[in-house]
Amino acid sequence: MTTSRSTYHHGELRGAVLAAALDVIAAEGPGALSLRDLARRAGVSHAAPAHHFKDRTGLLTAIAAEGYELLAAALAGTPGLRERGVRYVRFAVDHPAHFQVMFQPELLRADDPDLLAAKERASAELRTGVADLSNAPDTRTAGIAAWSLAHGFATLLLTRNVQGAVGDRDPEEYFRSLTGLLFSEQLATGERE
């Protein structure tokens, strides 16, 4: 849907371009993104988005930074590592376009200060969940394991690779079941009750 140029006020164009970019990414992936197409969708000159983002990489970097901020907010104050994993999965389901872009460093300006600050906030929230583990001898390895599980499940879910297994079940409940299975005492020790 295109909007007339006269409906935009100074400062609103950035948000409109970001929203249009998220729609394109969700539907077609980040490879389909074009500043010229986004300008057309927003009903502005082809140079207008470049004023806010410089280029496609700048736009994708802004999307990733916004995604990391949203992820940090989603994780903040969540008790327990399992529930932080559930929130991670929920974030991916609620923000699939952000999720696609955030973890493709080749699309981003790695030295962007806003991106670096947002990534650090999200990482700090992820580390907080691991810091609460009392029985983890190596919290860094435990953190990578927990992130791998949540990120892997979220990725499989978004790419519809576990659609048959999850079925109509709530993805968050399914993730809780996965973590319960993998971290049960019987599985960890190989013993049966």
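Residues numbered from 1 in each chain as written. Predicted model: local features only at pLDDT ≥ 70, side-chain atom pairs only at ≥ 80, totals over all residues. Heavy atoms only, no water.

Engineer: Before we go on, may I ask you to explain the side chain of His98 in this structure?
Structural biologist: Topologically, His98 is positioned in helix α6 (residues 96–102). Not counting chain neighbours up to four residues away, the residues in contact with His98 comprise Leu22, Ile63, Glu66, Gly67, Leu70 and Phe91. (Helix = DSSP H or I, 4+ residues; strand = E, 2+ residues; numbered from the N terminus. Contact = heavy atoms within 4.5 Å.)

Engineer: How should helix α4 (residues 56–75) be read in this particular structure?
Structural biologist: For the α-helix, the turn length of 3.6 residues means that residues three or four positions removed from each other point alike. With 20 residues, α4 extends 29 Å between its outermost C-alpha atoms, agreeing within 8% with the 28 Å of an ideal straight helix rising 1.5 Å per residue. You can read the cap of α4 off the contacts: a side-chain oxygen lies 3.3 Å from the backbone nitrogen of Thr57, and it is on Asp55. Positive backbone phi, at 75 degrees, marks Gly77, one or two positions downstream of α4. (Expected span 1.5 Å × (residues − 1). Polar contact = N/O pair within 3.5 Å; in protein donor to acceptor, adjacent residues only side chain to side chain.)

Engineer: Any chance you could explain the environment of Asn161 here in plain terms?
Structural biologist: Inspection of the secondary structure puts Asn161 in the loop between α8 (139–158) and α9 (163–166). For Asn161, a relative accessible area of 55% gives the class exposed. Within the structure, Asn161 has its side chain in polar contact with the side chain of Thr159 (distance 2.6 Å). (Buried < 20%, exposed > 50% of the residue type's maximum accessible area, 1.4 Å probe, protein only.)

Engineer: Could you clarify how one ought to interpret the packing of aromatic side chains in this entry?
Structural biologist: Each pair of aromatic rings is reported with the distance of its centres and the angle of its planes. Under the criterion given, the structure shown has six aromatic pairs. Relative to Phe103, the ring of Tyr68 lies with its centre 5.9 Å away and its plane at 75 degrees, an arrangement referred to as edge-to-face. Here Tyr68, found in helix α4, pairs with Phe103, found in the loop between α6 and α7 (113–131); they are 35 residues apart in sequence, far enough to count as distant. A relative accessible area of 8% places Tyr68 in the buried class. (Phe/Tyr/Trp six-rings, centres within 6.5 Å; stacked < 30°, edge-to-face > 60°.)

Engineer: Looking at this structure, how should I read the pattern of salt bridges?
Structural biologist: A side chain with one charge can pair with a side chain of the opposite charge if their charged atoms come near. This structure, assessed with the given rule, holds nine salt bridges. Across the salt bridge formed by Asp37 and Arg40, the nearest N and O atoms sit 2.5 Å from each other. Highlighted residues: Asp37 and Arg40, both in helix α2 (residues 35–42), separated by three residues, approximately one helical turn. Here Arg84 ties to Glu125 by a salt bridge, and the two come within 3.1 Å at their closest N and O atoms. In this pair, Arg84 sits in helix α5 (residues 81–94) while Glu125 sits in helix α7, placing the two residues 41 residues apart along the sequence. Each of Asp37, Arg40 and Arg41 takes part in a single network of salt bridges with overlapping partners. (Salt bridge = Lys/Arg side-chain N within 4 Å of Asp/Glu carboxyl O.)

Worth remembering: the numbers are spatial, not functional.
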